[in-house]
Amino acid sequence: MKKEEKFMAEAIKLSRESVKNGGGPFGAVIVKDGKIIAKASNKVTENHDPTAHAEVNAIRIAAKELETFNLEGCEIYTSCEPCPMCFGAIYWARLDKLYFANTKDDAKKIGFDDSFIYEEIALPHDKRSIPNIQILREEALKAFQDWENKEDKIEY
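A brief report on the enclosed structure follows. Owing to the predicted nature of the structure, the values given are computational and were not obtained by experimental measurement.

In terms of regular secondary structure, the protein is built from seven helices and four strands. Its helices and strands in sequence order give the protein the pattern α-β-β-α-α-β-α-β-α-α-α, from N to C terminus. Along the three orthogonal principal directions, the C-alpha set of the protein runs to about 55 × 40 × 25 Å. When burial is assessed residue by residue, the protein has 28% of its 156 residues classed as buried. Sequence-distant contacts in the protein: of pairs separated by 6 or more residues, those separated by 24 or more amount to 49%.

Spelled out as structure tokens, the structure:
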């Protein structure tokens, strides 16, 4: 078994354990230098947290373990192609590579359909199913100006 398959097998194992424990069928591991540094499963219902997806949970664990928000040099193995939130988190974390097993179409077939989110993002603000209403932009821009002018900022 190749090392990539070994890591994916661990993510799949986590996804199956999650189902047995009442969670969603998703697992993820993060690897650095050929070693698993974080592993997690879906904890949405267990933690009463809609953001507690396996990938996000694994990213949080890895960042804490490495004491950094930048996970360059790491790879993520996830039992399913990530949803839009997790996909974004993977990019924000700067992971080097993403491996996945099940596809988003496989997930859709069992009731985990994220296609509406992709469709919503493409819509103008006033056409989205959750009203998107912009207010106090000029006030909010002051924080952006503060950031832009801050000399000792930590960029990410």
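From this point, the narrative continues.
Taken together, the side chains of Phe69, Trp147, Ile154 and Tyr156 define a hydrophobic patch exposed on the protein surface, amounting to about 490 Å² of accessible area. Turning to its location among the elements, Tyr156 is positioned in the segment after α7 (137–149). The class for Tyr156 is exposed, based on a relative accessible area of 61%.

Right, let's talk about the sheet that holds strand β2 (residues 35–41) for a bit. Across a sheet, strands are paired by hydrogen bonds formed along the backbone, either parallel or antiparallel in direction. Ordered in space as β2-β1-β3-β4, the four strands form an open sheet in which the pairing is mixed. Looking at strand neighbours, the two that pair on one side only are β2 and β4 (97–102), the edges of this open sheet. Ignoring which end each strand starts from, the neighbouring axes of this sheet average 15° apart. Here strand β1 (residues 27–32) runs beside strand β3 (residues 74–80); their pairing, made up of five bridges, is antiparallel. Across the sheet, Val29 pairs through a bridge with Tyr77, a residue of β3.

Attention now goes to the packing of aromatic side chains. On inspection of all chains with the given rule, the structure shows six aromatic pairs. Their ring planes at 90° and their centres at 4.9 Å tell us that Phe26 and Phe112 sit as a pair that is edge-to-face. With Phe26 in the loop between α1 (3–20) and β1 and Phe112 in the loop between α5 (104–109) and α6 (115–122), this pair connects stretches of sequence that are 86 residues apart. Here the aromatic rings of Tyr77 and Tyr99 are separated by 4.3 Å at their centres, their planes lie at 0°, and the arrangement is stacked. Here Tyr77, found in strand β3, pairs with Tyr99, found in strand β4; they are 22 residues apart in sequence, far enough to count as distant. Assessed through its relative accessible area of 21%, Tyr99 is described here as partly exposed. Among the aromatic residues, ring-to-ring pairing joins Phe7, Tyr77 and Tyr99 into one connected group. Here the guanidinium or amino end of Lys104 rests over the ring plane of Tyr118, the centre of that ring lying 5.0 Å away.

Reading the values: the criteria
- Residues numbered from 1 in each chain as written.
- Predicted model: local features only at pLDDT ≥ 70, side-chain atom pairs only at ≥ 80, totals over all residues.
- Heavy atoms only, no water.
- Helix = DSSP H or I, 4+ residues; strand = E, 2+ residues; numbered from the N terminus.
- Buried < 20%, exposed > 50% of the residue type's maximum accessible area, 1.4 Å probe, protein only.
- Contact = heavy atoms within 4.5 Å.
- Patch = residues over 30% accessible without salt bridge, like charges linked within 9 Å, V, L, I, M, F, W, Y side chains within 5 Å.
- Areas by Shrake-Rupley, 256 points an atom, 1.4 Å probe, with all protein chains shown as cover.
- Salt bridge = Lys/Arg side-chain N within 4 Å of Asp/Glu carboxyl O.
- Pairing = 2+ DSSP bridges.
- Axes fitted to C-alpha atoms, helices over the stretch in contact; angles between N-to-C directions.
- Phe/Tyr/Trp six-rings, centres within 6.5 Å; stacked < 30°, edge-to-face > 60°.
- Lys NZ or Arg CZ within 6 Å of the ring centre and 35° of its normal.

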